[in-house]
Amino acid sequence: MSAYPVECFSQSLAPKAAVVPSQFGSAQVSRSALRKPNKSAVSRSGRSVYHPRVGRCVTYANIVESKEPSMVDRILKVFQTPADSLNEGIATFYDESSALWENMWGEHMHHGYYEVGQPVKDHREAQVDMVENALKWAEVESAENVLDVGCGIGGSSRHMARKFGCAATGITLSPKQAARANAITAEAVLPNVTYQVADALNQPFADNTFDFVWSMESGEHMPDKTQFLKELTRVCKPGGKILIVTWCHRTLEEGEAALRPDEQTLLDNICDAYYLPAWCSIADYKSIASSLGLQEIKTGDWTAQVQPFWGAVIQTALTPAGFSGLLKAGAGTIR
């Protein structure tokens, strides 16, 4: 039901370009300058495990398919921190779970990238390779001012600051993530890299501020995909690029009006566990990009390249350190 694709498009009239990936994929978006259209790309990635009934990769939490919540799920939900809004739920989820993720996996809070047919590598190395392969795919060879949308604790933007010698700004809904990202960055002595709490759908930046806009596995949290792309495009300079890594459901076949009921059940379970609004497909992203005047759409599917990652995540959760961390993080993370 989900894939890890890549897609790219650019806009001719309003000097911008973009790329979108399909489910569990990456794509890049770039803004082309007036009279100088440039390629662009948007990159997106997801977390997946193969599900035989659906025929593609889905989040591990959804492998157990159920119309009704299990007894364990009902009990955990009683102890889960309540949220009055989607943004509050997302912020609380990452406030509670980020320390566990950092302790087990380090500064990168996203999938690893694994070459198909090659021995499984060190998983932290694979997370760095995800950043490197996304940049390579998007043909991003330099940057001056990067925006990291949904930055986690800043692993991607710090990597780019070192790689390109650029300035970087990261935004997240989680105050604890922003504080931790700034603390790590201070220790790393990267004075031109900062992090703050902000809403990706209403960003506190002027138009045309960044020459490279990066979103690694945060688009799935956006309730309004059109507004999401509008904001990424608005803050990106003419001639800049946008790279989005996110989760998508499969593209509907001709004659289909919606996903199959069993597929929708899986997505509903994922959304409930991860504070996600409705998903969309790569075709939906392409349609939004086209409506915004973006061009040069490029896509690719990296499902196979991320499959080994979640098995490793589950294994670490079953270690003494992982189990202890889950208990400390609370019911929301355990779910």
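Figured I'd write up the structure that's included with this text. Fair warning: this is a prediction, and the values are worked out from it, not measured in the lab. (Residues numbered from 1 in each chain as written. Predicted model: local features only at pLDDT ≥ 70, side-chain atom pairs only at ≥ 80, totals over all residues. Heavy atoms only, no water.)

## A word on the overall build of the protein
Inference 1: Along its length, the protein carries 11 helices and 12 strands.
Inference 2: Here the protein holds 335 residues, and the buried ones make up 57% of them.
Inference 3: If you take every contact in the protein between residues at least 6 apart in sequence, the share linking residues at least 24 apart comes to 68%.
Inference 4: Within the structure as shown, the protein displays about 14100 Å² of accessible surface, and the carbon and sulfur contribution to it stands at 54%. (Helix = DSSP H or I, 4+ residues; strand = E, 2+ residues; numbered from the N terminus. Buried < 20%, exposed > 50% of the residue type's maximum accessible area, 1.4 Å probe, protein only. Contact = heavy atoms within 4.5 Å. Areas by Shrake-Rupley, 256 points an atom, 1.4 Å probe, with all protein chains shown as cover.)

## Here we look at the pattern of salt bridges
Inference 1: Scanning the model with the defined rule gives nine salt bridges in all.
Inference 2: Between Glu256 and Arg250 there is a salt bridge, and its shortest N-O distance comes to 2.8 Å.
Inference 3: Salt-bridge contacts for Asp262 lead to Arg260; the nearest nitrogen and oxygen are separated by 3.3 Å.
Inference 4: Its relative accessible area of 13% is what places Asp262 among the buried residues.
Inference 5: By relative accessible area, Arg260 is classed as partly exposed at 33%. (Salt bridge = Lys/Arg side-chain N within 4 Å of Asp/Glu carboxyl O.)

## Examining the nonpolar core
Inference 1: Counting residues in each nonpolar core, the largest one holds 27 residues, and the members touching the most others are Leu135, Val146, Met160, Phe164, Phe212, Trp214 and Leu243.
Inference 2: Among the secondary structure elements, those contributing two or more residues to this core are helix H3 (123-137), helix H4 (155-164), strand S9 (193-197), strand S10 (210-216) and strand S11 (236-246).
Inference 3: Per element, the largest residue contribution to this core is five residues, and it comes from H3.
Inference 4: Each residue touching Trp214, except ones within four places of it in the same chain, is listed here: Val131, Ala134, Leu135, Leu147, Asp148, Val149, Ser156, Met160 and Leu243. (Core = buried A, V, L, I, M, F, W, Y, C linked by side-chain atoms within 4.5 Å.)

## Topic: the side chain of Ser215
Inference 1: Inspection of the secondary structure puts Ser215 in strand S10.
Inference 2: Engagement of the side chain of Ser215 in a polar contact is seen with the side chain of Ser218, the distance being 2.5 Å. (Polar contact = N/O pair within 3.5 Å; in protein donor to acceptor, adjacent residues only side chain to side chain.)

## Let's talk about helix H5 (residues 175-187)
In an α-helix, one full turn covers 3.6 residues, which means residues spaced three or four apart are oriented alike.
Inference 1: When the terminal C-alpha atoms of H5 are compared, their 19 Å separation across 13 residues agrees well with the 18 Å that a helix rising 1.5 Å per residue should span.
Inference 2: Downstream of H5 by a residue or two, Val189 has a phi angle that is positive, lying close to 55°. (Expected span 1.5 Å × (residues − 1).)

## Some remarks on the packing of aromatic side chains
Inference 1: For the structure on display, the rule yields four aromatic pairs.
Inference 2: With centroids separated by 5.1 Å and ring planes inclined at 90°, the aromatic side chains of Phe205 and Phe210 adopt a geometry described as edge-to-face. The pair formed by Phe205 and Phe210 is uniform in burial state, with each residue classed as buried. (Phe/Tyr/Trp six-rings, centres within 6.5 Å; stacked < 30°, edge-to-face > 60°.)

## As for the packing of H3 against H4
Inference 1: Packing of H3 against H4 leaves a shortest axis separation of 11 Å and a crossing angle of 60°. Between H3 and H4, the angle is such that the two are oblique. Considering only the axes of H3 and H4, their crossing is right-handed. Across the interface between the two elements, Val128, Val131, Glu132 and Leu135 from H3 touch Ser156, His159, Met160, Lys163 and Phe164 from H4.
Inference 2: Residues belonging to the contact of H3 with H4 are distributed by class as follows: five nonpolar, two polar and two charged. (Axes fitted to C-alpha atoms, helices over the stretch in contact; angles between N-to-C directions. Parallel < 35°, antiparallel > 145°, perpendicular 65-115°, else oblique. Left-handed = near helix turned anticlockwise from the far one by under 90°. Nonpolar A, V, L, I, M, F, W, Y, C, P; charged D, E, K, R; others polar.)

## Brief notes about the pairing of strand S8 (residues 167-172)
When a strand is regular, its side chains alternate between the sheet's two faces.
Inference 1: Burial within S8 is extensive, with five of its six residues counted as buried.
Inference 2: As paired elements, strand S7 (residues 145-149) and S8 share five bridges and run parallel to each other. Along S8, the bridge assignment pairs Val146 with Ala168.
Inference 3: Taking the sense of rotation as the criterion, the β-α-β connection linking S7, H4 and S8 turns out right-handed.
Inference 4: Crossover connection from S8 via H5 to parallel S9: handedness right-handed. (Pairing = 2+ DSSP bridges. Right-handed = clockwise from strand over helix to strand, strands pointing away.)

## Notes on the environment of Glu263
Inference 1: Positionally, Glu263 belongs in helix H7 (residues 261-274).
Inference 2: Classification of Glu263 by relative accessible area gives buried; the value is 0%.
Inference 3: Put simply, Glu263 and His249 are 14 residues apart on the chain and 9.0 Å apart in space, counted from C-alpha to C-alpha.

## Brief notes about the side chain of Gln177
Inference 1: As for its placement among the helices and strands, Gln177 is situated in helix H5.
Inference 2: Using a relative accessible area of 4% as the deciding quantity, one classes Gln177 as buried.
Inference 3: Within the structure, Gln177 has its side chain in polar contact with the side chain of Thr172 (distance 2.7 Å).

## Quick look at unusual backbone geometry
Inference 1: Phi at Glu139 is positive, roughly 60°, even though this residue is not glycine.
Inference 2: Its location among the elements puts Glu139 in the loop between H3 and S7.
Inference 3: The class of Glu139 is partly exposed, set by a relative accessible area of 44%.
Inference 4: Residue Val189 is not a glycine yet carries a positive backbone phi of 55°.
Inference 5: Within the secondary structure, Val189 is located in the loop between H5 and S9.

## Points about the environment of Asp129
Inference 1: Position of Asp129 among the secondary structure elements: in helix H3.
Inference 2: On the accessibility criterion, Asp129 (18% relative accessible area) is buried.
Inference 3: The spatial distance from the C-alpha of Asp129 to the C-alpha of Tyr114 is 8.0 Å, given a sequence separation of 15 residues.

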